[in-house]
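Below are the chains, spelled out letter by letter.
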Amino acid sequence: MRTLRSLALALFLLLSFHPQALASEEDSQRDNASASEPPTQQLPSPTKLEAKAVRVIDGTTVEVSLSDGRRETVRFLQVHVPTGRSCTPKAVDLVKRMVLGKTVQLELDHPKRDGNGRLLAYVYVNGKSVQQALLNEGLAKVAPRPADGKYVDQYRVFEDHAKALEKGIWASSACKNEDRAKGSAEGKETGNNDHNPNNTLKQSKSGNSGGRLPKTGTQHPAHALIGAGILLIGLFIYRRTA
């Protein structure tokens, strides 16, 4: 009986300390493995910076706010918007619609800054290239510098596509015709308002100023006087006969 009790106690103690021994052995193996492995290589810094576009200066220049609070002026790499053309405002409008108030990604290249201290970058919004959008719409040309830009060949394909479709600056008078049509529509609307008699009516109703006299109680005062005279004569005859 005592032998059975001793065996049971020994078995209990063995089962109690066995997991701890296994855990200690696993920790020891893990420490030895980590000591033999090479240190993890640090990843290189990302080539794209995130920033928020706070102002659009022109068709190829924006002001951004970086994550650390610094403000930077960013010049779009590899594209040029011709100045003095009627399409220039359209380029500015396109950039505003794409980036203003949004988070943009800036892919820097070499050199990182131009002679005016502006950052030079390829600009993206939600994975879309702003430079590509300008070229596709025919609102920009491929800039000759940098001559070895990483996307210069792709940009020339976008430029050639806009040329083939005669879009934007590549059309003889596309932007000019659009502006002229818009101005003509605005002129017609203004002309219609000038010839609208309701304008005069609204003016007179609001304050009775501007020449029109207010209406009297009746439109025929002479008829009212004749009626009153007939009534007085009738009363006079009635009293005489009574």
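Structural data are supplied above this passage.
The paragraphs below set out a description of the structure included in this document. (Residues numbered from 1 in each chain as written. Predicted model: local features only at pLDDT ≥ 70, side-chain atom pairs only at ≥ 80, totals over all residues. Heavy atoms only, no water.)

Another aspect to go through is the side chain of serine 129. Among the secondary structure elements, serine 129 is positioned in strand 7 (residues 128–129). According to the relative accessible area criterion, serine 129 is buried, its value standing at 11%. Within the local environment of serine 129, its side chain forms a polar contact with the backbone nitrogen of glutamine 132, the two atoms lying 3.1 Å apart. Apart from residues lying up to four places away in sequence, serine 129 is in contact with Met98, Val123, Tyr124 and Tyr155. (Helix = DSSP H or I, 4+ residues; strand = E, 2+ residues; numbered from the N terminus. Buried < 20%, exposed > 50% of the residue type's maximum accessible area, 1.4 Å probe, protein only. Polar contact = N/O pair within 3.5 Å; in protein donor to acceptor, adjacent residues only side chain to side chain. Contact = heavy atoms within 4.5 Å.)

Moving on to unusual backbone geometry. The amide bond that connects histidine 110 to the next residue, proline 111, takes the cis arrangement and shows omega of -5 degrees. Locating proline 111 in the fold gives a position in strand 5 (residues 103–113). Phi is positive for asparagine 126, which is not a glycine, with a value near 50 degrees. Topologically, asparagine 126 is positioned in the loop between strand 6 (119–125) and strand 7. Here glutamate 166, not a glycine, exhibits a phi torsion of approximately 55 degrees, which is positive. Looking at the secondary structure, you find glutamate 166 in the loop between helix 4 (152–165) and helix 5 (174–194).

Before going further, it helps to spend a moment on the environment of leucine 77. In this structure, leucine 77 sits in the loop between strand 3 (71–76) and strand 4 (79–80). The exposure class assigned to leucine 77 is buried, which follows from its relative accessible area of 6%. For the pair leucine 77 and aspartate 109, spaced 32 residues apart in the sequence, the C-alpha separation amounts to 8.5 Å. What leucine 77 contacts, discounting residues up to four positions off in sequence, is Asp109, Leu120, Ala121, Tyr122, Gln131, Pro146 and Tyr155.

Our next topic: the pattern of salt bridges. In the structure shown here, the tally under the stated rule is eight salt bridges. We note a salt bridge from arginine 71 to glutamate 63, for which the minimum N-O separation is 3.2 Å. Measuring nitrogen to oxygen at the nearest pair gives 2.9 Å for the salt bridge that ties arginine 113 to glutamate 72. Taken together, the positions of arginine 113 in strand 5 and glutamate 72 in strand 3 put the pair 41 residues apart, joining distant regions of the chain. Judged by relative accessible area, which is 39%, arginine 113 ranks as partly exposed. Glutamate 72 sits in the buried class, given a relative accessible area of 10%. Here the salt bridges do not stand alone but share partners, grouping Asp68, Arg70, Glu72 and Arg113 into one network. (Salt bridge = Lys/Arg side-chain N within 4 Å of Asp/Glu carboxyl O.)

Let us look at the side chain of glutamate 107. Considering the arrangement of structural elements, one finds glutamate 107 in strand 5. The exposure class assigned to glutamate 107 is buried, which follows from its relative accessible area of 6%. Within the local environment of glutamate 107, its side chain forms a polar contact with the side chain of lysine 150, the two groups lying 3.1 Å apart.

It is worth spelling out the pairing of strand 1 (residues 48–58) at this point. By the bridge criterion, five bridges tie strand 1 to strand 5 in an arrangement that is antiparallel. The partner of alanine 51 across the bridge, within strand 5, is valine 104. Here strand 1 pairs with strand 2 (residues 61–66) via six bridges, running antiparallel. The partner of arginine 55 across the bridge, within strand 2, is glutamate 63. With antiparallel pairing between neighbouring strands as the criterion, strand 1 and strand 2 make up a hairpin whose turn holds two residues. (Pairing = 2+ DSSP bridges.)

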